[in-house]
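Observations on the three-dimensional arrangement
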Amino acid sequence: MTQDYKGRIGNLIRDARKHRGLTQQALAERLSTSQSAINRIEKGHQNLSLEMLARIGTALDSEIVALGAGPTHLRVTGPTTLSGSIAVKTSKNAGVALLCASLLNRGRTTLRKVARIEEVNRLLEVLDSLGVHTRWLNDDNDLEIVPPAELDLSNIDVTAARRTRSVIMFLGPLLHRAETFELPYAGGCNLGTRTVEPHMTALRPFGLEVKATEGSYHAQVESQLAPARPIVLTERGDTVTENALMAAALHPGTTVIRNASSNYMVQDLCFYLQRLGVRVDGIGSTTLTVTGCEQIDVDVDYAPAEDPIEAMSLLAAAIVTGSQITIERVPIEFLEIELALLEEMGFHYQRSEEYVARNGHTRLIDLTTFPSVLHAPLDKIHPMPFPGLNIDNLPFFAVIAAVATGQTLLHDWVYENRAIYLTDLNKLGAQVKLLDPHRVLVEGPSSFTGTEMMCPPALRPAVVLLLAMLAAKGTSVLRSTYVIHRGYEDLAERLNQLGANIETFRDI
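Pairing is mixed in the open sheet, where 4 strands are placed in the order E21-E22-E1-E23. Edge positions in the sheet fall to strand E21 (452-454) and strand E23 (502-506), since each of these pairs with one other strand and no more. When the angles between neighbouring strand axes are averaged without regard to direction, this sheet yields 20°. The sheet contacts of helix H16 (residues 459-471) involve strand E1 (72-78), E21, strand E22 (474-479) and E23, and relative to E22 the element is tilted by about 165°.

Put into structure tokens, the structure is as follows:
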């Protein structure tokens with residue numbers, strides 16, 4: 001019996017390592033052990049302490065051990081037909097940006113209806129370790145953030161920081177709070193190397209220099225430096241733009257940021273900065289003009305807008321299951337291209353009149369889906385910076401294309417290896433061919449059949465598999481689903497409210 005358990009644990013570790021794209025030697029280096037020891041562990045020939053299992057879980061960013069129990073899994077019984085109504089929750093990406101931006105303010109920040117997800121939990125752990133007081137106010141997920149007079153940057157929670165990419169957005173606010181500081185390397189989804197150089201291009205004009213050594217960013221600030229000309233971003237990235245905005249917010253002069261992202265989370269950050277007293281012109285465009293403050297000390301209350309990526313997730317769930325549901329509070333201005341493309345593919349839906357989100361700016365609609373017979377689009381599907389098709393929405397078109405007639409080419413040019421995980425749909429009966437690390441060809445229509453598989457380490461492909469399992473005949477199991485909890489709050493439970501049959505469980 002003991003040997004059987006060791007073998008099952010070894011298999012879990014092996015699968016998690018392979019999904020991370022690591023060799024046994026690479027994992028051994030992370031754990032300061034030998035490749036032969038990793039080999040014995042994966043074959044079930046090695047006794048493991050809870051401490052070692054926890055270390056392996058951290059190294060693989062996999063919930064192998066949680067509170068003394070195993071990782072959480074999802075068991076899906078299909079095929080499913082969904083019905084009813086569901087409201088879109090607030091934006092995960094806006095929420096994490098606003099948590100980072102709260103460091104700009106010496107007063108109290110109250111954020112309304114924050115997505116209570118693992119990514120947010122990790123950032124709260126980091127903020128708490130710096131001396132920031134955070135507390136959930138109620139069951140509506142309102143969150144209060146009160147900073148200390150001085151941040152304790154030497155006490156940063158390294159483990160929590162390494163489990164999120166968002167910690168890189170501390171650079172913009174912190175360069176005004178300390179002349180030197182360290183940030184652990186960012187973790188999060190395994191989507192390939194994401195260089196920090198675009199962030200440096202944005203922040204060097206404010207005097208920030210960063211050296212990366214031994215797992216940390218070592219930051220040094222020449223506080224007398226200030227932008228002498230417009231900052232031109234080399235990458236129109238969301239987090240890069242947000243870092244530049246936060247650096248500009250505490251620069252008392254005027255900063256012009258060109259080639260800026262105008263995506264939904266950037267707009268929410270701009271609206272929040274305006275509440276802090278920062279002047280931001282050009283919101284929604286690629287040129288932002290920021291007139292900052294020497295110091296910010298105000299009590300502010302802000303409600304981030306709804307999440308267009310969650311809205312797309314729910315939309316895809318309805319499409320692949322051939323269901324009629326109503327999705328409420330959809331941020332339409334960030335889904336217009338996706339809906340236009342779906343209309344071209346034969347999708348039928350009805351939309352309400354527009355109304356305004358709680359932030360006073362973002363346009364919302366209620367959207368009712370209808371069962372539709374889809375065909376492949378005439379051209380390839382590829383993401384573009386806003387107002388183009390959202391980069392994070394591209395993976396959902398893989399499972400949609402799988403139920404459409406014809407061939408669909410998806411081009412995921414942003415990430416080095418996210419497209420690779422879309423081929424996991426083949427295990428459920430899809431026909432997805434990987435042409436290169438950035439392109440997949442999907443042949444439809446497919447009939448999904450239930451199976452058991454490990455959850456990929458990338459958030460959106462993981463949810464794509466879950467949605468395919470809703471449409472699959474029989475029982476499917478998706479193992480080690482921590483990555484889904486990083487980006488979605490109670491997704492399985494909320495799908496169950498629409499009629500899905502998803503059971504969350506752990507191995508005994």
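It is worth spelling out helix H11 (residues 264-275) at this point. The terminal C-alpha atoms of H11, which comprises 12 residues, lie 17 Å apart, in line with the 16 Å expected from a rise of 1.5 Å per residue. Taking burial as the measure, the 12 residues of H11 include 10 buried ones, the bulk of the element. Turning to H11, its buried residues number three or more, namely Tyr264, Met265, Val266, Gln267, Asp268, Leu269, Cys270, Phe271, Tyr272 and Leu273. After H11 finishes, the residue glycine 277 shows a positive phi value of roughly 105°.

For the rest of this paragraph, the subject is the pattern of salt bridges. In total, this model carries 24 salt bridges according to the counting rule given. For arginine 122, the salt bridge identified is with glutamate 118, shortest N-O distance 2.6 Å. With a gap of 4 residues between them, arginine 122 and glutamate 118 both fall in helix H6 (residues 118-129), about one helical turn apart. The residue aspartate 392 makes a salt bridge to arginine 418 at a minimum N-O spacing of 3.5 Å. Placement of the pair is aspartate 392 in the loop between strand E17 (363-370) and helix H14 (396-402) and arginine 418 in helix H15 (residues 418-421), with a sequence separation of 26 residues. Within this structure, Arg108, Arg135, Glu144 and Asp299 form a network of salt bridges that share partners.

On to the nonpolar core. Residues Phe170, Phe181, Leu208, Leu245, Leu273 and Leu342 are the most contacted members of the largest nonpolar core, which totals 151 residues. With 11 residues, H16 is the largest single contributor of residues to this core. With 14 residues, the next largest nonpolar core counts Ile13, Ala28, Ile41 and Ala59 among its residues.

This part covers the confidence of the model for the protein. Per-residue confidence for the protein gives a mean pLDDT of 89, with 94% of residues at or over 70. Low pLDDT (under 50) marks residues 187-194, which in the prediction has 37 contacts with non-local residues, meaning those over four places away or in another chain.

Attention now moves to the packing of helix H12 (residues 308-320) against H16. Between two packed helices, both the angle of their axes relative to each other and the distance between the axes serve to describe the pair. Where H12 contacts H16, the axes come no closer than 9 Å and their chain directions differ by 25°. It follows from the interaxial angle that H12 and H16 lie roughly parallel. The hand of the H12/H16 crossing is right-handed. The segment H12 lies against H16, with Ile309, Ser313, Ala316, Ala317 and Val320 engaging Arg460, Leu467, Leu470 and Ala471. Here the contact of H12 with H16 is built from residues that sort into 7 nonpolar, 1 polar and 1 charged.

What follows deals with the side chain of arginine 177. For arginine 177, the location among the structural elements is in the loop between helix H8 (171-174) and strand E6 (180-184). For arginine 177, which is buried and forms no salt bridge, the nearest opposite charge comes from glutamate 150, at a distance of 5.4 Å. A distance of 2.9 Å separates a polar atom in the side chain of arginine 177 from the backbone oxygen of leucine 103.

The next thing to look at is the packing of helix H5 (residues 92-101) against H11. Look at H5 against H11: their axes get within 8 Å of each other, and the N-to-C directions meet at 35°. As H5 runs across H11, the sense of the crossing is right-handed. Here Asn93, Ala94, Leu98 and Ala101 of H5 lie close against H11, whose contacting residues are Tyr264, Met265, Asp268, Leu269 and Tyr272. When grouped by side-chain class, the residues that make up the contact of H5 with H11 number 7 nonpolar, 1 polar and 1 charged.

Turning our attention to the sheet that holds strand E8 (residues 216-221). Here we have 3 strands laid out as an open sheet, ordered E6-E8-E7, and antiparallel in their pairing. Each edge of the sheet is formed by a strand with only one pairing partner; in this case those strands are E6 and strand E7 (208-213). Taking the axes of each pair of neighbouring strands and ignoring which way they run, one obtains an average angle of 25° across the sheet. When E6 meets E8, the two strands line up antiparallel, connected through 5 bridges.

For the rest of this paragraph, the subject is the packing of aromatic side chains. Ring pairs (aromatic) are described by centroid distance and by the angle formed between their planes. Evaluated as defined, the whole model comprises 4 aromatic pairs. Relative to phenylalanine 386, the ring of phenylalanine 334 lies with its centre 4.9 Å away and its plane at 45°, an arrangement referred to as tilted. Of the two residues, phenylalanine 334 sits in the loop between strand E14 (324-331) and helix H13 (336-344) while phenylalanine 386 sits in the loop between E17 and H14, which places them 52 residues apart along the sequence. Pairing phenylalanine 347 with tyrosine 349 gives two aromatic rings, centres 5.4 Å apart and planes at 15°, and the pair type is stacked. Taking relative accessible area as the criterion, phenylalanine 347 reaches 4% and is therefore assigned buried.

Reading the values: the criteria
- Residues numbered from 1 in each chain as written.
- Predicted model: local features only at pLDDT ≥ 70, side-chain atom pairs only at ≥ 80, totals over all residues.
- Heavy atoms only, no water.
- Pairing = 2+ DSSP bridges.
- Helix = DSSP H or I, 4+ residues; strand = E, 2+ residues; numbered from the N terminus.
- Axes fitted to C-alpha atoms, helices over the stretch in contact; angles between N-to-C directions.
- Contact = heavy atoms within 4.5 Å.
- Expected span 1.5 Å × (residues − 1).
- Buried < 20%, exposed > 50% of the residue type's maximum accessible area, 1.4 Å probe, protein only.
- Salt bridge = Lys/Arg side-chain N within 4 Å of Asp/Glu carboxyl O.
- Core = buried A, V, L, I, M, F, W, Y, C linked by side-chain atoms within 4.5 Å.
- pLDDT = per-residue confidence, 0-100.
- Parallel < 35°, antiparallel > 145°, perpendicular 65-115°, else oblique.
- Left-handed = near helix turned anticlockwise from the far one by under 90°.
- Nonpolar A, V, L, I, M, F, W, Y, C, P; charged D, E, K, R; others polar.
- Lys, Arg positive; Asp, Glu negative; His and termini not counted.
- Polar contact = N/O pair within 3.5 Å; in protein donor to acceptor, adjacent residues only side chain to side chain.
- Phe/Tyr/Trp six-rings, centres within 6.5 Å; stacked < 30°, edge-to-face > 60°.

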